[in-house]
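Architecture at a glance
Each chain, letter by letter, is given below.
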Amino acid sequence: MNEIKQIENNKKTNLANIMIIAVCVIFMLAIMVIRFNIIDKRAFDETIFIYLSLVAVFSLCFTVVLFALKHLNTVRYTVKVFGLICFVISITYAICIFIEKLSPYAMPVTLAVLLLSVFTDTKVAFLGNVFCVLMLYITLMSLAISGGQQMPYWLLPMMVFAITAGTILSITVNRDTRRLTFIFFGILINTACLPLLIINELITQFSFSELINVLPYAPSLIFGSVLFALMLQPIIEVAFNVNSNFRLMELCDHHRPLLLRLAKSAPGTFNHSLTVANLAETCARAINENTYFARAAAYYHDVGKLKNTRYFKENQFNEANPHDGLTPEVSCDIIRKHASQGADICKEYRIPQEIAVITAEHHGTMPIAYFYNKAKEITDREVDIKDYRYFGPIPTSKVAAIIMICDAAEATVRAMKEHDYEKVEKIVKDIIDQRLRYGQFDNCDITLKDLATIKDTIVSAFGGLYHERIQYPEV
Ligand SMILES: [Fe+2]
Ligand SMILES: [Fe+2]
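As the structure is a prediction and not an experimental result, all values here were calculated from the model.

On to the overall build of the protein, then. Scanning the protein from N- to C-terminus turns up 20 helices and 0 strands. On the principal axes, the C-alpha backbone points of the protein span a range of 90 × 65 × 40 Å. Per-residue burial for the protein yields a buried fraction of 40% across its 475 residues. In the protein, of all internal contacts separated by at least 6 residues, the share reaching a separation of at least 24 is 75%.

Following this line, the structure appears as structure tokens:
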């Protein structure tokens, strides 16, 4: 049954990939028709054979990108990520093809690499840039030659510029880059690579006046990529529901509708989430994970409790415990559902998928010891611990593992009456050991060294959280 489902899923994924490639190729074809046949007024029958061969080249390029994405073992492959990469390549292609009419020196050729560096990683950004440049090069070269002209003298140096600047940008810019640094690197690296074009202009044209004619377009080349990238980033974030650090920071704004609802309806859970966020951010920094992502994931990890706020201890203020009138099975069911319900609420509020996944995973398949023990106390029958476990799934990323540990540590340490160092250290160590025993980290690549670092980080962070204060005497 599972195999049939798997085959059907694979078919759907393959179909989605083919659709993405087809849409992008048709879009790029339309851009060429508008630019060369409508704006340049070239005869359609003069370009048709070029277009047909370009369709084959573009389809091949996108297929290679897809193949590389699946096998590079880099960014986790999903249809959404592939769609995003194809969108970025196509939009850069379209902008460059139109701006080339004004001047080839005005093309924002490093736009694709800037966007891919923020949304994916170095390898994908490098590869995406190479393919985008290749598609531009083949298009401009074939259309020039088919019109009976020679290959433009600026074409090859421009592509060398795009690959050089793009490669340096893919190494220097990443998702952790702050907005100002992003602008600074974009401008600096494009400017630093500009001599490649100036030297070519001087060597091939032997003329300073020609150089002076093209130089006014250089600001568009230098700033264009950065400006377009800044404009397109929020659109891509919303359209593909993906994270950049800018969006993650926005998600942590306490005025976000879901966080406002959590603070109002479940203030205990909200405060617990803030503490987990502080711990998770510190742990993420200690093991070189994305701190913005860890903080945002912690803020939303317990939003599922909004469905039944009063059934969670932290939201009960001087009132009867509603679990007192329920059987342990029913109580356990209410509690464990909050993980999957949280993922549903995240989807409802269009919180990025990666955060919704962590919300579903943050308890893994751990047993709920309190209700398991309660069930054993009130019955003589054998009680199976499997009936008192969370439904999972277990964490699939290091950040999910961090949230799982910080969440349990915060709840347990808060319940302790004394917070001396040894006791806190033992509790955090036990929490990690228990989860290792229950195989909760089997699906993520967290190492024992990471876990030891996380333990030490949490213990020292608790020192700051439960520090001693002198009692102020009454006046
Ligand atoms: Fe939870
Ligand atoms: Fe929690």
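Next, the rest of the story.
Under the domain assignment used here, the protein contains domain 1 (2–241) and domain 2 (246–465). Relative to domain 2, the C-alpha centre of domain 1 lies at a distance of 42 Å. Facing 6 residues of domain 1, the contacting portion of domain 2 comprises 6 residues. A breakdown of the residues in the side of domain 1 that touches domain 2 according to their chemical character gives no nonpolar, 2 polar and 4 charged.

What follows deals with the nonpolar core. Residues Ile85, Cys86, Val88, Leu114, Leu115 and Leu116 are the most contacted members of the largest nonpolar core, which totals 66 residues. Secondary structure elements with two or more residues in this core: helix H1 (2–39), helix H2 (44–71), helix H3 (79–102), helix H4 (111–119), helix H5 (122–146), helix H6 (155–172), helix H7 (179–193) and helix H10 (218–240). In terms of residue count, the dominant contributor to this core is H3 (13 residues). Not counting residues up to four positions away in its chain, the partners in contact with leucine 114 are Leu169, Val173, Gly186, Ser225, Val226 and Ala229. Listed in part, the 56 residues of the second largest apolar core include Leu262, Ala297, Ala339 and Ile351.

So, how was this worked out
Residues numbered from 1 in each chain as written. Chains lettered and ligands numbered in written order. Predicted model: local features only at pLDDT ≥ 70, side-chain atom pairs only at ≥ 80, totals over all residues. Helix = DSSP H or I, 4+ residues; strand = E, 2+ residues; numbered from the N terminus. Buried ≥ 20, exposed ≤ 12 C-beta atoms within 10 Å, placed from the backbone. Contact = placed C-beta atoms within 7 Å. Domains from an automatic or database assignment. Nonpolar A, V, L, I, M, F, W, Y, C, P; charged D, E, K, R; others polar. Core = buried A, V, L, I, M, F, W, Y, C linked by C-beta atoms within 7 Å.

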